[in-house]
Amino acid sequence: MSSSTLTLKDGTQIYYKDWGTGQPIVFHHGWPLSSDDWDAQMLYFLGQGYRVIAHDRRGHGRSSQTATGNEMDTYAADVAELVAHLDLKNAIHIGHSTGGGEVARYVAKHGGNGRVAKAVLVGAVPPIMVKSDKNPGGLPLEVFDGFRTAMAANRAQFYRDIPTGPFYGFNRDGAKTYPGVIDNWWRQGMMGGAKAHYDCIKAFSETDFTDDLKAIDVPVLVMHGDDDQIVPIADSAELSIKLLKKGTLKVYKGFPHGMLTTHADVLNPDLLAFFKS
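Treat the numbers as computed from the prediction; the structure is a model and nothing was measured. (Residues numbered from 1 in each chain as written. Predicted model: local features only at pLDDT ≥ 70, side-chain atom pairs only at ≥ 80, totals over all residues. Heavy atoms only, no water.)

Student: How should the pairing of strand β7 (residues 220-225) be read in this particular structure?
Tutor: Strand residues, when the strand is regular, have side chains that alternate between the two faces of the sheet. Counting buried positions along β7 yields six of six residues, so the element is predominantly enclosed. Bridge analysis of strand β6 (residues 116-122) against β7 gives four bridges, and the strand direction is parallel. For valine 122, the partnering residue across the bridge sits in β7 and is methionine 223. Taking the sense of rotation as the criterion, the β-α-β connection linking β7, helix α8 (residues 237-243) and strand β8 (residues 247-252) turns out right-handed. (Buried < 20%, exposed > 50% of the residue type's maximum accessible area, 1.4 Å probe, protein only. Helix = DSSP H or I, 4+ residues; strand = E, 2+ residues; numbered from the N terminus. Pairing = 2+ DSSP bridges. Right-handed = clockwise from strand over helix to strand, strands pointing away.)

Okay, structure coming up:
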């Protein structure tokens with residue numbers, strides 16, 4: 001098994017990688033990236049005897065640059081089609097950032113019948129990011145409007161500014177920066193479709209995952225850096241853990257949003273311990 005594309009019922013082509021044998025781990029990437037953002041985890045867990053699968057969300061990476069369906073219900077349904085195509089059972093689903101929302105929606109809506117064994121949310125957007133009367137600690141809508149304005153005006157520059165600054169914490173005093181990591185973020189972002197990425201800002205910021213989190217019956221590990229400048233921990237992980245039936249929260253002091261890349265040496269063994277527990 002290597003990489004391939006699946007044509008969904010609506011004609012969208014989803015690119016995915018499928019390596020190895022053993023219990024399947026399905027990786028769900030963040031906005032506006034691709035399955036390549038999981039390189040450090042896929043190689044590690046392949047070496048640990050797992051079957052590792054990662055897809056490019058519709059509109060992202062090498063999948064179709066869709067004009068429609070760029071919202072959470074469709075993202076989760078796309079995953080369900082891929083899972084059925086690969087006939088995955090007893091799988092572990094792990095999502096980062098927007099991918100964490102996708103995991104929550106997928107597991108809640110499509111994860112029955114032995115499909116899902118465990119789930120992991122890393123720096124994830126649930127329960128809901130945008131500020132409202134019901135979510136007073138959230139980020140103001142103006143923040144996400146600013147994302148849309150910057151993206152529409154100059155996507156290439158916007159996709160340079162995010163990884164150079166807050167995504168990996170490279171804007172912190174004394175932080176060691178990795179130009180290759182910044183370039184790779186930009187490369188992944190620019191591969192995707194502008195319309196899909198624009199729409200996805202609403203999907204990751206305004207979707208309410210409260211009911212999804214409450215409905216999940218499998219064990220869930222919630223991992224979050226307490227210096228996450230993209231998805232602040234107080235309005236995400238610290239609220240999600242209160243809604244999960246079988247949740248465990250692990251907080252990483254000083255770690256940034258992109259900690260799966262910058263601190264893979266710490267997170268991968270912790271993930272392995274949870275998978276084996």
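Student: Just checking my understanding: could you explain the layout of surface pockets for this structure?
Tutor: Any empty space left between the atoms is revealed when a probe the size of a water molecule rolls over them. Roughly 220 Å³ of volume is contained in the largest pocket. Lining the largest pocket are 19 residues, and of these Trp31, Phe147, Ile162, Phe204 and Ile230 sit closest to its centre. Broken down by element, the residue count for the lining of the largest pocket peaks at four residues, all from helix α4 (residues 141-164). (1 Å grid on protein atoms, 1.4 Å probe; cavity = no way out; pocket = protein on both sides within 12 Å on 5 of 7 lines; lining within 4 Å. Points joined across faces, edges and corners; volume = space filled by probe spheres on them.)

Student: Can you help me understand the packing of aromatic side chains in this one?
Tutor: Aromatic ring pairs are defined here through the distance separating the ring centres and the angle between the ring planes. Here the structure, examined in full by the defined rule, presents 20 aromatic pairs. Where tryptophan 31 meets tyrosine 159, the ring centres are 5.9 Å apart and the plane angle is 90°; that geometry is what we call edge-to-face. Highlighted residues: tryptophan 31 in the loop between β3 (24-28) and α1 (39-47) and tyrosine 159 in helix α4, separated in sequence by 128 residues. Tryptophan 31 gets classed as buried once you look at its relative accessible area, which sits at 7%. Here the aromatic rings of tyrosine 252 and phenylalanine 255 are separated by 5.4 Å at their centres, their planes lie at 20°, and the arrangement is stacked. When sorted by exposure, tyrosine 252 lands in the same class as phenylalanine 255, which is buried. Ring pairing ties together the aromatic residues Trp31, Phe144, Phe147, Phe158, Tyr159, Phe167, Tyr168, Phe170, Tyr178, Trp185 and Phe204, which thus form one cluster. Residue placement shows arginine 57 over the ring face of tyrosine 75; its charged tip is 5.4 Å from the ring centre. Taking the ring centre of phenylalanine 274 as reference, the NZ or CZ of lysine 118 above it sits at 5.0 Å. (Phe/Tyr/Trp six-rings, centres within 6.5 Å; stacked < 30°, edge-to-face > 60°. Lys NZ or Arg CZ within 6 Å of the ring centre and 35° of its normal.)

Student: How should the side chain of serine 236 be read in this particular structure?
Tutor: Along the chain, serine 236 turns up in the loop between β7 and α8. Look at serine 236 and you get buried, because its relative accessible area is 1%. Within polar-contact distance, the side chain of serine 236 engages the side chain of histidine 224 at 3.4 Å. (Polar contact = N/O pair within 3.5 Å; in protein donor to acceptor, adjacent residues only side chain to side chain.)

Student: What's the story with the nonpolar core in this structure? I'm lost.
Tutor: Formed by 55 residues in total, the largest nonpolar core has its most connected members in Trp31, Tyr106, Val107 and Phe204. Elements with a minimum of two residues in this core: β2 (13-19), α2 (72-86), α3 (98-110), β6, α4, α5 (179-191), α6 (194-206) and β7. Per-element accounting of this core gives the leading share, eight residues, to α2. The contact partners of tyrosine 106, leaving out residues within four places of it in the chain, are Ala76, Val79, Ala80, Val83, His93, Gly111, Arg115 and Val116. In this structure, Tyr50, Val120, Leu260 and Leu267 belong to the second largest nonpolar core, which totals 23 residues. (Core = buried A, V, L, I, M, F, W, Y, C linked by side-chain atoms within 4.5 Å. Contact = heavy atoms within 4.5 Å.)

Everything listed here is a matter of geometry and, on its own, says nothing about what the molecule does.
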